[in-house]
Number of protein chains: 2
Amino acid sequence: MSSLIAQPITAEAFAPYGEVIQTEGAQLTLINDGLCHRFSDLASFDIEDGRAGLSFFRSQLRPMPYRCHLLERHPLGSQCFIPMSDAEFLLIVAPDNGGKPGPLTAFLATNNVAVNIARNTWHGVLAPVAGSGLFAVIDRIGTETNGGQNLEEHLLEEAVLVKYDQ
Amino acid sequence: MSSLIAQPITAEAFAPYGEVIQTEGAQLTLINDGLCHRFSDLASFDIEDGRAGLSFFRSQLRPMPYRCHLLERHPLGSQCFIPMSDAEFLLIVAPDNGGKPGPLTAFLATNNVAVNIARNTWHGVLAPVAGSGLFAVIDRIGTETNGGQNLEEHLLEEAVLVKYDQ
């Protein structure tokens with residue numbers, strides 16, 4: 001089984017796959033008598049044939065090293081994951097290569113960032129490795145008449161083992 | 001100074017002021033090979049002359065008892081607070097009484113709920129009492145041509161002291 005090292009996530013490295021949403025580097029406004037910092041409008045929701053809605057996901061934690069055997073993508077919308085605890089979570093992503101995932105890359109997101117995976121980007125399922133496993137998720141909610149084909153899955157020919165360190 | 005006891009928040013008690021967003025009582029879908037519970041579409045964003053955007057707020061924690069001297073409301077949009085740590089936060093709300101806040105009510109929200117304050121509902125500022133103070137917030141982002149008069153403030157004639165227990 002081939003293996004992959006998860007790198008700490010950065011906005012720059014993750015840019016081909018989506019947005020890292022964080023206070024670091026974001027423009028700051030002081031509100032509430034200076035007792036609160038507001039970092040405005042950090043995400044771009046990209047939703048087709050539906051609307052952006054708020055859901056909760058409660059995921060089981062994944063033991064490391066993590067065995068990734070499946071990637072998926074959502075042709076109709078971006079998907080934003082907001083950890084609601086001191087969670088670290090894995091992000092396994094890949095460029096598209098003729099309708100299938102190209103070479104995989106793995107990131108480790110720490111507790112202070114949210115991540116907005118771009119529409120139609122290949123990614124592994126939500127895989128928290130610490131914390132409560134509870135996430136707020138902003139993604140496409142289909143209409144009654146158009147539930148939508150918003151999930152495409154790809155089973156890897158060979159599973160990949162994701163680790164933290166070489 | 002008059003005082004007020006913060007009650008543990010429930011969806012029913014908070015309903016006149018907005019939504020409590022939680023897994024409890026929400027419809028569940030199993031995803032990701034059964035390893036993740038999805039609770040879909042839990043919030044109603046009510047935004048006028050703009051769009052719902054995602055921001056981060058980092059607020060100072062407030063010592064208890066908490067002295068509330070100011071309420072505010074947002075005529076152009078609901079405001080949804082999602083705690084990103086094991087935060088407990090105070091919600092001080094009031095019905096409208098002829099353009100001013102009526103009698104105040106206080107709630108304590110625990111770490112596993114988010115809260116969507118209804119458009120034009122009087123409320124105190126974000127007041128976490130535990131955790132990191134970091135919140136994801138979904139509220140109105142104004143347009144370039146319409147930044148919007150989306151903040152109305154009301155200074156209380158007499159501050160109110162908010163406590164947990166009688």
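Reading the values: the criteria
- Residues numbered from 1 in each chain as written.
- Chains lettered and ligands numbered in written order.
- Predicted model: local features only at pLDDT ≥ 70, side-chain atom pairs only at ≥ 80, totals over all residues.
- Heavy atoms only, no water.
- Pairing = 2+ DSSP bridges.
- Helix = DSSP H or I, 4+ residues; strand = E, 2+ residues; numbered from the N terminus.
- Axes fitted to C-alpha atoms, helices over the stretch in contact; angles between N-to-C directions.
- Phe/Tyr/Trp six-rings, centres within 6.5 Å; stacked < 30°, edge-to-face > 60°.
- Buried < 20%, exposed > 50% of the residue type's maximum accessible area, 1.4 Å probe, protein only.
- Polar contact = N/O pair within 3.5 Å; in protein donor to acceptor, adjacent residues only side chain to side chain.
- Contact = heavy atoms within 4.5 Å.

Peer 1: How should the sheet that holds strand β8 (residues 79–83) of chain A be read in this particular structure?
Peer 2: Note: strands within a sheet are paired through backbone hydrogen bonds, in either parallel or antiparallel orientation. Judged by pairing direction, the sheet is antiparallel, and its seven strands sit side by side in the order β3(A)-β13(A)-β8(A)-β16(A)-β6(A)-β5(B)-β4(B) without closing on themselves. Edge positions in the sheet fall to β3 (18–21) of chain A together with β4 (29–31) of chain B, since each has one partner strand and no second. In this sheet, adjacent strand axes meet at a mean angle of 25° when their direction is disregarded. In the sheet, β8(A) pairs with strand β13 (residues 114–117) of chain A via three bridges, with the strands oriented antiparallel.

Peer 1: What exactly am I supposed to notice about the packing of aromatic side chains here?
Peer 2: All names here are of chain A. Per the stated rule, a full pass over the model turns up ten aromatic pairs over all chains. On the basis of an interplanar angle of 70° and a centroid distance of 5.9 Å, the ring pair of F57 and F81 is categorised as edge-to-face. Here F57 is found in strand β6 (residues 50–59), whereas its partner F81 is found in strand β8, with 24 residues between them in sequence. Using a relative accessible area of 3% as the deciding quantity, one classes F57 as buried. For F81, a relative accessible area of 4% gives the class buried. Pairwise contacts between aromatic rings join F14, Y17 and F107 into one cluster.

Peer 1: Even after reading the chapter, I still don't get the side chain of A:S78, so can you show me in this structure?
Peer 2: Residue and element names in this part refer to chain A. Within the secondary structure, S78 sits in the loop between β7 (66–73) and β8. With a relative accessible area of 3%, S78 lands in the buried category. Among the polar contacts listed, one links the side chain of S78 to the backbone nitrogen of D46, at a separation of 2.9 Å. Once you skip the residues sitting within four places of it in the chain, S78 turns out to touch S44, F45, D46, I47, N116, I117, A118, R119, I138, D139 and R140.

Peer 1: How should the environment of A:H37 be read in this particular structure?
Peer 2: All names here are of chain A. Position of H37 relative to the elements: it lies in strand β5 (residues 36–39). Overall, H37 belongs to the partly exposed group, its relative accessible area being 29%. With 14 residues separating them along the chain, H37 and T23 place their C-alpha atoms 9.3 Å apart.

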